[in-house]
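Each chain is listed here by its residues.
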Amino acid sequence: MNTEQFIKMLEEKGISLSPRQIDQYNIYYETLVEWNEKMNLTAITDKPEVYLKHFYDSVSAAFYFDFSKPLHICDVGAGAGFPSLPIKIAFPEISVTIVDSLNKRINFLEHLAGKLGLENVRFVHDRAETFGQNKEYREAFDVVTARAVARMSVLTELCLPLAKVGGHFVAMKGASAQDELAAGKKAITMLGGKLEDSHSFLLPEEESERNIFVIRKEKPAPKKFPRKPGTPNKSPIE
């Protein structure tokens, strides 16, 4: 997917990019490739692939959820900034907090945000489990996003405690997501969530399956969740 195709396909979904936004995606790409030479941020460095599998794939969440309001978003385990920073470029009015357990990635994200001139972004070096127990962040966000971080039963425990009651958890998954969703139903209910929407589509060109689950936070998550670092992954709620 070249830049022109990226712009056109977003336009078809009702997302129009200004010259500045187009430039920001290009700077993002160049900065990602430059930093990737000294640290492992992504296995995908070919420009058309980055635009398709990172930028377009990230913004695809906005095809099914409205990011056009001044929402406060938390992105759990965003790595090189996906999906929240490509969404932030397309919808500058949102605020973004990214939590990641690797300080080197946080350094990259801070540098990137400076290069892109992004406002209302915050990067926190922490494990999602301890971050979710921090009173400053717990149940503080309108939307929590995660893309390919862990299976749904684990991801729900890391993400739902961060969403406000009435807020949402938007999970971006690949193939076999329906099986994950079935296995994660107990965790979703236990943590105060309810599946509001489920969307399945094919990524353009390569036609690989993508799934987006929109989970509404209906009541507060029990205080004991998330459990200690490592526990959700070792013994998920299933």
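Residues numbered from 1 in each chain as written. Predicted model: local features only at pLDDT ≥ 70, side-chain atom pairs only at ≥ 80, totals over all residues. Heavy atoms only, no water.

Student: Mind laying out the side chain of Arg210, listing which residues take part and the relevant values?
Tutor: With respect to the element layout, Arg210 can be found in strand β7 (residues 209-217). The class for Arg210 is buried, based on a relative accessible area of 16%. Only 3.1 Å separates the side chain of Arg210 from the side chain of Ser208, close enough to count as a polar contact. If we skip the residues at most four places from it in the chain, Arg210 touches Asp57, Lys173, His199, Ser200, Phe201 and Leu203. (Helix = DSSP H or I, 4+ residues; strand = E, 2+ residues; numbered from the N terminus. Buried < 20%, exposed > 50% of the residue type's maximum accessible area, 1.4 Å probe, protein only. Polar contact = N/O pair within 3.5 Å; in protein donor to acceptor, adjacent residues only side chain to side chain. Contact = heavy atoms within 4.5 Å.)

Student: I'd like a description of the UniProt feature "binding site: S-adenosyl-L-methionine" (unreviewed entry) in the protein, backed by residues and values.
Tutor: In the numbering adopted here, UniProt assigns the feature "binding site: S-adenosyl-L-methionine" (unreviewed entry) to Gly77, Phe82, Ala128, Glu129 and Arg147. Within the secondary structure, Phe82 is located in the loop between β1 (72-76) and α4 (84-90). If near-sequence neighbours (up to four positions away) are discounted, Phe82 is found in contact with Tyr28, Leu32, His54, Phe55, Ser58, Asp75 and Arg147. With a relative accessible area of 8%, Glu129 lands in the buried category. Setting aside residues up to four positions removed in sequence, Glu129 forms contacts with Leu158, Pro226, Arg227, Lys228, Pro229, Gly230 and Pro232. (UniProt positions renumbered as here; feature names shortened; annotations may be inferred.)

Student: With reference to specific residues and values, describe the side chain of Lys217.
Tutor: Mapped onto the elements, Lys217 comes out in strand β7. Overall, Lys217 belongs to the buried group, its relative accessible area being 0%. Looking at Lys217, its side chain comes within polar contact range of the main-chain oxygen of Leu160, at 2.7 Å.

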